[in-house]
Amino acid sequence: MTVTLITGANKGLGFETARQLQDLGHVVYVGARDPERGAKAAAELGARFVQLDVTDDASVPAALATIAAAEGHLDVLVHNAGILADGPVDGPAALRAFDTNAAGLVRVTEAALPLLRKSANPTVVTVSSSMGSFWAVTNPDRPEHGLPLPLYAASKAAATMLTVQYAKSNPGIKFNAVEPGPTATDMTAAWGIGRPPAESARVIVGLATLGPDGPTGTLRDENGELPF
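Below is a summary of the structure that appears in this document.

Thresholds, definitions, all that
- Residues numbered from 1 in each chain as written.
- Predicted model: local features only at pLDDT ≥ 70, side-chain atom pairs only at ≥ 80, totals over all residues.
- Heavy atoms only, no water.
- Helix = DSSP H or I, 4+ residues; strand = E, 2+ residues; numbered from the N terminus.
- Buried < 20%, exposed > 50% of the residue type's maximum accessible area, 1.4 Å probe, protein only.
- Contact = heavy atoms within 4.5 Å.
- Expected span 1.5 Å × (residues − 1).
- Arc of directions from axis to C-beta.
- Phe/Tyr/Trp six-rings, centres within 6.5 Å; stacked < 30°, edge-to-face > 60°.
- Pairing = 2+ DSSP bridges.
- Axes fitted to C-alpha atoms, helices over the stretch in contact; angles between N-to-C directions.
- Salt bridge = Lys/Arg side-chain N within 4 Å of Asp/Glu carboxyl O.

1. Remarks on the side chain of Glu16
Argument step 1. Along the chain, the position of Glu16 falls in helix 1 (residues 12-23).
Argument step 2. Judged by relative accessible area, which is 16%, Glu16 ranks as buried.
Argument step 3. Setting aside its immediate chain neighbours within four residues, Glu16 contacts Pro197, Ala198 and Ala201.

Structure representation (structure tokens):
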């Protein structure tokens, strides 16, 4: 059985990604900060719950230790937890954005690497954003060019770069970042935009189910590879 951990999986994109991977036969661990919400989401899916706060240095290794004890390995890791950081731009806000969207990726990846190395087809997917693409935000023809989200964009650029660097330093593990497309979630509710989470989740699932010869070190959307 393919064992999969998804961070921030109690709602939105993470929840729908968990649903689709569960339907494909994965043993899915729903990672969530809130035990009540996480357990409820896992029960609805028929998945397993593990308490995991990507900003907490104690929570992350404890979550991976739980999976290690139960499964002995990890095949797929999906970094989905993130925040929009659309409020005031100041030091504390920047620290929150980078702690969740970038440092959280490092915490979880480092804790997961020993389990991923025990997999026959280890795969890591970072739910990033084209807002983190220098090509997209500097292109006047792209919608990212006019979106006023500096902390989100910068932290997602960091997340994508971290993914590429992990791919370079771990050639036996596939690391890819994904732009899932504009999605109607809590993060975008104020703008009233985006397609259903189930549609965008399919883009994530595509990278989470790559074969052993699949690409690594890329930023992709549903149409293919995006420029950095």
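Here the narrative resumes, following the displayed structure.
2. What to know about helix 3 (residues 59-71)
Argument step 1. If you check helix 3, its first and last C-alpha atoms are 18 Å apart, about what 13 residues at 1.5 Å a residue would give, namely 18 Å.
Argument step 2. Of all the positions in helix 3, only Ser59, Val60, Ala63, Leu64 and Ile67 are classed as buried. Down the axis of helix 3, the sector holding all buried residues measures 130 degrees, keeping them to one side.
Argument step 3. Along its buried surface, helix 3 packs onto strand 1 (3-6), strand 2 (27-32), strand 3 (48-51) and helix 4 (91-116).
Argument step 4. Trailing helix 3 by a residue or two, Gly72 shows a phi angle of about 85 degrees, which is positive.

3. Observations regarding the packing of aromatic side chains
Argument step 1. The final tally for this structure, using the stated rule, is 1 aromatic pair.
Argument step 2. Residues Tyr166 and Phe175 carry aromatic rings whose centres are separated by 5.5 Å and whose planes lie at 15 degrees to one another, so their mutual orientation is stacked. For the pair Tyr166 and Phe175, a shared accessibility class is recorded, and that class is buried.

4. Here we look at the sheet that holds strand 8 (residues 224-225)
Argument step 1. As summarised here, the arrangement of the 8 strands in space is 3-2-1-4-5-6-7-8, forming an open sheet in which the pairing is mixed. What marks the edges here is a single partner per strand, and that holds for strand 3 and strand 8.
Argument step 2. Here helix 3 sits on the sheet in contact with strand 1, strand 2 and strand 3, set at roughly 145 degrees to strand 3.
Argument step 3. Its contacts with the sheet place helix 6 (residues 150-169) against strand 5 (123-127), strand 6 (174-178) and strand 7 (218-221), and it is angled at close to 160 degrees to strand 6.

5. Some words on the pattern of salt bridges
Argument step 1. If you walk through the whole model with that rule in mind, you get 6 salt bridges.
Argument step 2. Between Glu16 and Arg19 there is a salt bridge, with the nearest N and O atoms lying 3.3 Å from each other. In this pair, Glu16 and Arg19 are both assigned in helix 1, 3 residues apart and thus about one turn of the helix distant.
Argument step 3. Between Arg220 and Glu225 there is a salt bridge; the shortest N-O distance is 3.6 Å.
Argument step 4. You can call Arg220 partly exposed: its relative accessible area is 22%.
Argument step 5. Using a relative accessible area of 47% as the deciding quantity, one classes Glu225 as partly exposed.
Argument step 6. Each of Asp57, Asp99 and Arg107 takes part in a single network of salt bridges with overlapping partners.

That's the geometry; what it means functionally is another story.
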